[in-house]
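Listed here are the chains, written in short residue letters.
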Amino acid sequence: SKEVEDVIRIHGYIAEGCPYAVSPLSIMSRLDVSLSKLREVTLDIDSPGGSITGVAELAAYIALARQAGATIHAFTRGTCASAAYWIAAACSDIAATRGAVVGNCGSYAVYVDYSKANAARGVTYSLFTSGELKTAGNPDFPLTPAQRDFLAAHVGSVAEQFFTDVLAWRPK
């Protein structure tokens, strides 16, 4: 009997280029191989989300595969949040157990300022840069107002892309 469905696990933190995380581009490659042979694929998701790199591309790939006739299911018995939900939202359907955590749309960035701790230890840094925004987020210096605005705008832009995609794929 011929296999008609594959299950691809997305368990853990999602990030590209991180050895302990699930790679969105690896998932895309695995989907591509599965969909070249099979009619249906299920994404078995248990992830709190992760980093943006590759997630929007994977979600867009899933949406395009669906437009081409593929059936891609999302299933979670644990957590399907943030970046994991972005991926699931692009699927044909989402199934979850009663106790699963699903959703949590949005984006954020963390900035830690070590400049005062460094100064208290007698450590100072000199930074040479080609532009004010080039080093936005360097933890050894406080953010300038322009850097703060730049990072906030980036977080807002990612969130807007996330919301737009989810609303297009899950309009109800």
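Refer to the structure printed above.
Residues numbered from 1 in each chain as written. Predicted model: local features only at pLDDT ≥ 70, side-chain atom pairs only at ≥ 80, totals over all residues. Heavy atoms only, no water.

Moving on, we come to the overall build of the protein. Secondary structure summary: the protein contains five helices and five strands in total. Taken against the 2.2 N^0.38 rule, which gives 16 Å for 172 residues, the C-alpha radius of gyration of the protein at 20 Å runs more than 25% over that of a compact globule. Counting only C-alpha atoms and orienting by the principal axes, one finds that the protein spans roughly 70 × 35 × 30 Å. The contacts of the protein with a sequence gap of at least 6 include a subset with a gap of at least 24, amounting to 67%. Counting every atom, the protein has about 10200 Å² of accessible surface; 55% of that belongs to carbon and sulfur. For the protein, the centre of its 14 positive side-chain charges and the centre of its 16 negative side-chain charges are spaced 5 Å apart. (Helix = DSSP H or I, 4+ residues; strand = E, 2+ residues; numbered from the N terminus. Rg over C-alpha atoms; globule rule 2.2 N^0.38 Å. Contact = heavy atoms within 4.5 Å. Areas by Shrake-Rupley, 256 points an atom, 1.4 Å probe, with all protein chains shown as cover. Lys, Arg positive; Asp, Glu negative; His and termini not counted. Charge placed at Lys NZ, Arg CZ, Asp CG, Glu CD.)

Next up on the list: the layout of surface pockets. Approximately 350 Å³ is the volume found for the largest pocket. If you trace the largest pocket, you find 17 residues lining it, with Gly50, Ser51, Ile52, Ser107 and Tyr108 closest to the centre. Breaking the lining of the largest pocket down by element, the ones donating at least two residues are helix H3 (83-89) and helix H5 (145-169). At four residues, the largest contribution of residues to the lining of the largest pocket is made by H5. Looking at the lining of the largest pocket residue by residue, the class counts come to ten nonpolar, seven polar and no charged. (1 Å grid on protein atoms, 1.4 Å probe; cavity = no way out; pocket = protein on both sides within 12 Å on 5 of 7 lines; lining within 4 Å. Points joined across faces, edges and corners; volume = space filled by probe spheres on them. Nonpolar A, V, L, I, M, F, W, Y, C, P; charged D, E, K, R; others polar.)

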